[in-house]
Amino acid sequence: VFTVHDQVYKLADLAIVSNGPKHVGTKVAGSTIAVSGTVTNQGEDETGANKVSYYLSSNEILDSKDQLLRETLFVTMSPGATFPFNENLVIPAGATFGEYYILMVVDINKVVSEKDETNNIDSIRFTIKDPNGVQELAAEHNLTLAPNPAVEKLCINPSGFWKGETAAEITL
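Calculation rules
- Numbers given to residues run from 1 along each chain, matching the order in which its sequence is written.
- The predicted nature of this model means local features are confined to residues of pLDDT at least 70 and side-chain atom pairs, given and counted, to a pLDDT of 80 or more, with totals for whole chains, interfaces and linings taken over all residues.
- Side-chain calculation: all heavy atoms of the structure are included, whereas hydrogens and water are not.
- Runs of E in the DSSP output that reach at least two residues are strands. Runs of H or I that reach at least four are helices, and both are numbered from the N terminus.
- Buried means the residue's accessible area, taken with a 1.4 Å probe over protein chains only, is under 20% of the maximum for its type, while exposed means over 50%, and partly exposed covers the values in between.
- Whether two residues are in contact is decided by their heavy atoms: any pair within 4.5 Å suffices.
- Exposure was quantified through the Shrake-Rupley algorithm and a 1.4 Å probe, taking into account, for residues, occlusion by the shown protein chains and nothing else.
- Note on terminology: a nonpolar core comprises buried Ala, Val, Leu, Ile, Met, Phe, Trp, Tyr and Cys residues joined through side-chain atoms within 4.5 Å.
- Here a strand pair is declared whenever DSSP counts at least two bridges between the two strands.
- Axis definition: a line fit to C-alpha positions, over the contact stretch in the case of helices; interaxial angles, taken between N-to-C directions, run 0 to 180 degrees.
- One speaks of a salt bridge when a side-chain nitrogen belonging to Lys or Arg is within 4 Å of a carboxyl oxygen belonging to Asp or Glu.

*Asks:* Can you walk me through the overall build of the protein chain in this structure?
*Replies:* Counting secondary structure elements, the protein chain contains zero helices and 12 strands. What you see in the protein chain, going N to C, is helices and strands ordered as β-β-β-β-β-β-β-β-β-β-β-β. When the 172 residues of the protein chain are sorted by exposure, 34% land in the buried category. Put simply, 69% of the contacts in the protein chain that link residues at least 6 apart link residues at least 24 apart. Accessible area for the protein chain stands at about 10500 Å²; split by element, carbon and sulfur atoms hold 52% of it.

*Asks:* It is not clear to me how the nonpolar core should be interpreted in this structure. Could you clarify?
*Replies:* Inside soluble globular proteins, nonpolar side chains tend to come together where they are buried. Val39, Val52, Phe74, Phe85, Ile102, Met104 and Phe126 are the most contacted members of the largest nonpolar core, which has 24 residues in total. Contributions of two or more residues to this core are made by β3 (14-18), β5 (32-41), β6 (50-57), β8 (82-90), β9 (98-106) and β10 (121-129). For this core, the element with the highest residue contribution is β9, accounting for four residues. Once residues lying within four places of it in the same chain are set aside, the contact partners of Phe126 are His23, Val24, Gly25, Lys27, Ile33, Leu56, Ile91, Gly98, Glu99, Tyr100, Tyr101 and Ile102.

*Asks:* Any chance you could explain the sheet that holds strand β4 (residues 23-28) here in plain terms?
*Replies:* By way of backbone hydrogen bonds, the strands of a sheet pair with one another, either parallel or antiparallel. The strand order across the open sheet formed by five strands is β4-β10-β9-β6-β7, and the pairing between neighbours is mixed. The strands lining the two open edges of the sheet, one partner per strand, are β4 and β7 (67-74). On average, each strand axis in the sheet is inclined to that of its neighbour by 25°, with strand direction left out of account. Sheet topology note: the β6/β7 ladder contains seven bridges and is antiparallel. Pairing of Lys51 across the sheet is with Leu73, part of β7.

*Asks:* What exactly am I supposed to notice about the sheet that holds β5 here?
*Replies:* Taken together, three strands build an open sheet; the order of strands is β3-β5-β8 and the sheet is antiparallel. What marks the edges here is a single partner per strand, and that holds for β3 and β8. For this sheet, the mean inter-axis angle between neighbouring strands, taken without regard to orientation, is 25°.

*Asks:* What should I look at first to understand the pattern of salt bridges in this one?
*Replies:* If charged atoms from side chains of opposite charge come close, those side chains can pair. If you walk through the whole model with that rule in mind, you get four salt bridges. Where Glu71 meets Lys51, a salt bridge forms, and the shortest distance between an N and an O atom there is 3.2 Å. One end of the pair, Glu71, is in strand β7; the other, Lys51, is in strand β6, and 20 residues separate them in sequence. Residue classification places Glu71 among the partly exposed positions, given a relative accessible area of 34%.

Structural data, given as structure tokens:
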């Protein structure tokens, strides 16, 4: 609530919160990922119709590099009203291996005058892996060869893999 020239203005406040875990594990490009949550009007004024937009992102910050996956429309919300959402989103088949986020954004076009614009986004994290189990080595992965130099037998001891994975295939 704010006052300008003795006129009191009430503002809406759309907030989005995802339900469930913040990390949903491993997915394969081309598969689906389930997202759910609730949009709440925490403000003192009603909103017009709006939408929840779902983006595939490499981080938790919405920017022009993020890919829009789908949008869900909802009707006018009075103060205190909620809009629950449940969607199965398709992960693009061309997505490369790595860590990703699904960003869930309400009021993407900022058409609602709100008292707090910082609560309009939430996210869940997941990892895209090769369906055949092949994963490229990243900087945090280490392969130690022993003994060094190899004499009769070569042992490979991997470390730093996600969730303790230890399988590695070496092509020489």
